[in-house]
Amino acid sequence: MPVMMKEAIEALNVRNNLDYIDATFGGGGYSEEILKKADCNLLSIDKDPTVKNYAKKLKVKYKKRFTFVNDDFENLESIIKENNKTLISGGIVADLGVSSFQLDNAERGFSFNKDGPLDMRMSGKGTTAQELIYSLDEKGLAKILWEYGDEEKSKAIAKMIIKERNKEVLDTTLKLVKLIKRVKKSDNKKKHPATKSFQALRIATNQEFKSLEKLLMISEKILSPGARLVLITFHSLEDRIVKFFFNEITGKQENLNRHLPQVIKIKKVKFKVISKKPILPSSNEIKSNRRARSAKLRVVERMVI
Ligand SMILES: C[S@@+](CC[C@H](N)C(=O)[O-])C[C@H]1O[C@@H](n2cnc3c(N)ncnc32)[C@H](O)[C@@H]1O
């Protein structure tokens, strides 16, 4: 079951005859719930072409009410145009990051527990994690591990990788894990030593923050009054991007951080906060699904002005 599904669908406020976007289709759990909840129209997006089969099943069941587009959500504006829409009346939901299907398939290279190629591309296109690692110098690699993974041993891991990558080709997940473990020998038992580095390399390989920033900017433009924007994030950096953006569009605080997306001069505050604090998963969900432990849901609504 996808993380925080009940909370996310509730936050989206699904109503009859309105248009919704599920920007991260995955296994289609959220999408199906939206379609069940009301007689609405749903356009779902995923950059991973392997999810098409799940989408086909929903298409058979929900026919005209459901459309699937295999693309990056950063292209949301052109995607809705191609589907004859300029505004979204109901809302947009994005459950960010990697799916359990992607994590569980060793061939995709997302998992530090399974041996597979050092790939990590959600779309199956572009630069692989292996190519990324070989394209960077020690400083650049350390920067990614630190900035996208909060990896406190980023410099030492980067040094190790650069030193070893030309001795034996670094082309599998477990070869990378072995190098990381040489640096992080006595790390805490609860967290795998490669967790942070894998997260950082995945974010960099898929340029996740760039896409998220674009999605936020477009959503601000295309949501109709009364429509909701619901984001589920999985780590602090991602949540910070959403939080700053929401603070800015709800008039709570100007975005002074030049690294975060800047809303193009909002003259009037057009959004209101639905939940002041981020909504967190229940303790039961955290117990049954470890991935839920870092989830945070934030929601805003376009005001009628
Ligand atoms: C956590 S899963 C979503 C699970 C989904 N809510 C469900 O009910 O099954 C995230 C999905 O978003 C997709 N994704 C991540 N970033 C994306 C992007 N920039 N554009 C389109 N899809 C993206 C991934 O390929 C993955 O399938």
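Counting of residues starts from 1 at the beginning of each chain's written sequence and follows it residue by residue. Side-chain atom pairs in this predicted model are given and counted only at pLDDT of 80 or more, local residue features only at pLDDT of at least 70, and totals for whole chains, interfaces and linings cover all residues. Side-chain figures throughout are based on the complete set of non-hydrogen atoms in the structure, without hydrogens or water.

### Here's the deal with the site of the ligand
Phase 1 of the analysis: Nearness is judged by heavy atoms alone; a residue qualifies as near a molecule or strand once a single heavy atom is within 4 Å of it. Around the ligand, a shell composed of 24 residues is seen, among which Tyr30, Asp46, Phe73, Asp95 and Gln102 lie nearest.
Phase 2 of the analysis: Any pair of N or O atoms that falls within 3.5 Å is considered a polar contact. Within protein, one atom must be able to donate a hydrogen and the other to accept it, and sequence-neighbouring residues count only if both atoms are side-chain atoms. The separation between an oxygen atom of the ligand and a polar main-chain atom of Gly29 is 3.0 Å.
Phase 3 of the analysis: Within the side chain of Asp72, an N or O atom sits 3.0 Å from a nitrogen atom of the ligand.
Phase 4 of the analysis: Per-residue and other accessible areas follow the Shrake-Rupley method at a 1.4 Å probe size, with only the shown protein chains counted as cover for residues. Here the ligand has 610 Å² of accessible area as a free molecule, and 96% of this is covered by the chains.
Phase 5 of the analysis: Gly counts as polar in this scheme, as do all residues outside two lists: the nonpolar Ala, Val, Leu, Ile, Met, Phe, Trp, Tyr, Cys and Pro, and the charged Asp, Glu, Lys and Arg. Residue composition of the shell around the ligand, by class: eight nonpolar, nine polar and seven charged.

### Observations regarding the pattern of salt bridges
Phase 1 of the analysis: Only one rule defines a salt bridge in this text: a Lys or Arg side-chain nitrogen within 4 Å of an Asp or Glu carboxyl oxygen. In this structure the tally under the stated criterion is 24 salt bridges.
Phase 2 of the analysis: Between Asp19 and Lys85 there is a salt bridge, and its shortest N-O distance comes to 3.6 Å. Here the residue Asp19 occupies a position in strand β1 (residues 19–22), and Lys85 occupies one in the loop between α4 (76–82) and β4 (91–95), the gap between them amounting to 66 residues.
Phase 3 of the analysis: The buried label goes to any residue with under 20% of its type's maximum accessible area, the exposed label to any with over 50%, and the partly exposed label to all in between, with areas taken from a 1.4 Å probe on protein chains only. Of the residues examined, Lys85 reaches a relative accessible area of 27% and is grouped as partly exposed.
Phase 4 of the analysis: A salt bridge links Glu164 to Arg182; the nearest nitrogen and oxygen atoms lie 3.4 Å apart. Residue Glu164 is found in helix α8 (residues 154–164), and its partner Arg182 is found in helix α9 (residues 173–183); the two are separated by 18 residues along the sequence.
Phase 5 of the analysis: Overall, the relative accessible area of 12% leaves Glu164 in the buried class. Numbered from the N terminus, helices here are DSSP runs of H or I no shorter than four residues, and strands are runs of E no shorter than two.

### Some thoughts on the pairing of strand β7 (residues 296–302)
Phase 1 of the analysis: Burial runs high along β7: six of the seven residues are buried.
Phase 2 of the analysis: Pairing between strand β6 (residues 271–273) and β7: three bridges, direction antiparallel. In the sheet register, Val273 faces β7, and the bridge partner there is Val300. Think of it this way: DSSP has to see at least two bridges between two strands before they count as a pair.

### Thoughts on the packing of helix α7 (residues 138–149) against α8
Phase 1 of the analysis: Running from N to C, α7 and α8 cross one another at 135 degrees; their axes reach a closest spacing of 8 Å. Classed by the angle they form, the pair α7 and α8 counts as oblique. Of the two elements, α7 crosses α8, and the hand of that crossing is right-handed. Contacts from Glu138, Leu141, Ala142, Leu145 and Trp146 in α7 reach Ser154, Lys155, Ile157, Ala158, Lys159, Ile161 and Ile162 in α8.
Phase 2 of the analysis: Of the residues in the contact of α7 with α8, the class split is eight nonpolar, one polar and three charged. Helix axes are fitted only over the stretch in contact, all axes being lines through C-alpha atoms; the angle between N-to-C directions runs from 0 to 180 degrees. Working rule for angles: under 35 degrees goes down as roughly parallel, over 145 as roughly antiparallel, 65 to 115 as roughly perpendicular, anything else as oblique. Two helices crossing with the near one rotated counterclockwise from the far one by less than a right angle form a left-handed crossing, whereas a clockwise rotation gives a right-handed crossing. Note on definitions: a residue-residue contact is assigned when non-hydrogen atoms from the two residues lie within 4.5 Å.

### Focus: the sheet that holds strand β2 (residues 41–46)
Phase 1 of the analysis: Reading across the sheet, the seven strands line up as β3-β2-β1-β4-β5-β7-β6 and stay open at both edges, with mixed pairing between neighbours. Each having just a single partner strand, β3 (66–70) and β6 make up the two edges of the open sheet. Here the strands of the sheet are splayed against their neighbours by 20 degrees on average, with no regard to which way each runs.
Phase 2 of the analysis: Bridging between β2 and β3 involves five bridges; their strand directions are parallel. Bridge assignment links Ile45 to a residue of β3, and that residue is Val69.

### Topic: the nonpolar core
Phase 1 of the analysis: Working definition of a nonpolar core: buried Ala, Val, Leu, Ile, Met, Phe, Trp, Tyr and Cys residues. They are joined through side-chain atoms within 4.5 Å. One finds Ile21, Leu76, Ile92, Leu216, Leu229, Leu231 and Phe246 to be the most contacted residues of the largest nonpolar core, which totals 32 residues.
Phase 2 of the analysis: The set of elements that each furnish at least two residues to this core consists of β2, α4, β4, α11 (208–222), β5 (228–233) and α12 (236–249).
Phase 3 of the analysis: The contacts of Leu231, once residues within four sequence positions are left out, are Ala94, Leu96, Leu212, Leu216, Val242, Phe246, Lys296, Leu297 and Arg298.

### Considerations on the packing of aromatic side chains
Phase 1 of the analysis: Between rings of Phe, Tyr and Trp, where Trp is taken as its six-membered ring, a pair exists when centres lie within 6.5 Å; planes separated by under 30 degrees are stacked, by over 60 edge-to-face, and by other angles tilted. Taken as a whole and judged by the stated rule, the model has five aromatic pairs.
Phase 2 of the analysis: When the ring of Tyr148 is compared with that of Phe209, the centres are 5.2 Å apart and the planes differ by 85 degrees; the resulting orientation is edge-to-face. A residue pair is termed long-range when its members are at least 10 positions apart, and Tyr148 in helix α7 and Phe209 in helix α11 qualify at 61 residues.
Phase 3 of the analysis: Among the residues examined, Tyr148 registers a relative accessible area of 25% and is labelled partly exposed.
Phase 4 of the analysis: Aromatic ring contacts, followed pair by pair, group Phe25, Phe66 and Phe68 into a single cluster.
Phase 5 of the analysis: Of note, Arg291 hangs over the ring of Phe234, and the distance from its end group to the ring centre comes to 3.8 Å. To sit over a ring, a charge needs its Lys NZ or Arg CZ within 6 Å of the ring centre and within 35 degrees of the ring normal.

### Side note on a positive patch on the surface
Phase 1 of the analysis: Residues enter patches when their relative accessible area tops 30% and they take part in no salt bridge; the joining distance is 9 Å for like charges and 5 Å for the nonpolar side chains Val, Leu, Ile, Met, Phe, Trp and Tyr. Residues scored as positive are Lys and Arg, those scored as negative are Asp and Glu, and His as well as the terminal groups of each chain are ignored. Here the site of a charge means NZ on Lys, CZ on Arg, CG on Asp, or CD on Glu. Positive charge collects at one region of the surface, where Arg240, Lys243, Lys252, Lys276 and Lys277 lie side by side.
Phase 2 of the analysis: Among the structural elements, Lys252 can be located in the loop between α12 and β6.
Phase 3 of the analysis: Lys252 sits in the exposed class, given a relative accessible area of 60%.

### So, the domain arrangement of the protein
Phase 1 of the analysis: The domain boundaries here were taken from an automatic or database domain assignment. Partitioning the protein into structural domains gives domain 1 (5–101 + 208–302) and domain 2 (108–206).
Phase 2 of the analysis: Look at where the C-alpha atoms of domain 1 and domain 2 centre, and you get two points 28 Å apart.
Phase 3 of the analysis: Facing the 13 residues of domain 1 at the interface are 12 residues of domain 2.
Phase 4 of the analysis: Computed with a 1.4 Å rolling probe, the buried area is the accessible surface lost when two parts are put together, summed over both parts. Summing the contributions of domain 1 and of domain 2, the shared interface buries around 1,200 Å²; its carbon and sulfur component is 51%.
Phase 5 of the analysis: A per-residue breakdown of the area domain 1 buries against domain 2 is headed by Lys47, Val98 and Glu208, which together make up 47% of the total.
Phase 6 of the analysis: Where domain 1 meets domain 2, there are two salt bridges.
Phase 7 of the analysis: Arg202 is the partner of Glu208 in a salt bridge, and the nearest nitrogen-oxygen pair spans 2.8 Å.
Phase 8 of the analysis: Scanning the region where domain 1 abuts domain 2 turns up five residue pairs in polar contact (both at pLDDT 80 or more).
Phase 9 of the analysis: Those elements that provide at least two residues to the side of domain 1 that touches domain 2 are α11 and α12.
Phase 10 of the analysis: No other element matches α11, which puts three residues into the side of domain 1 that touches domain 2.
Phase 11 of the analysis: Residues of the side of domain 1 that touches domain 2, tallied by class, amount to four nonpolar, five polar and four charged.

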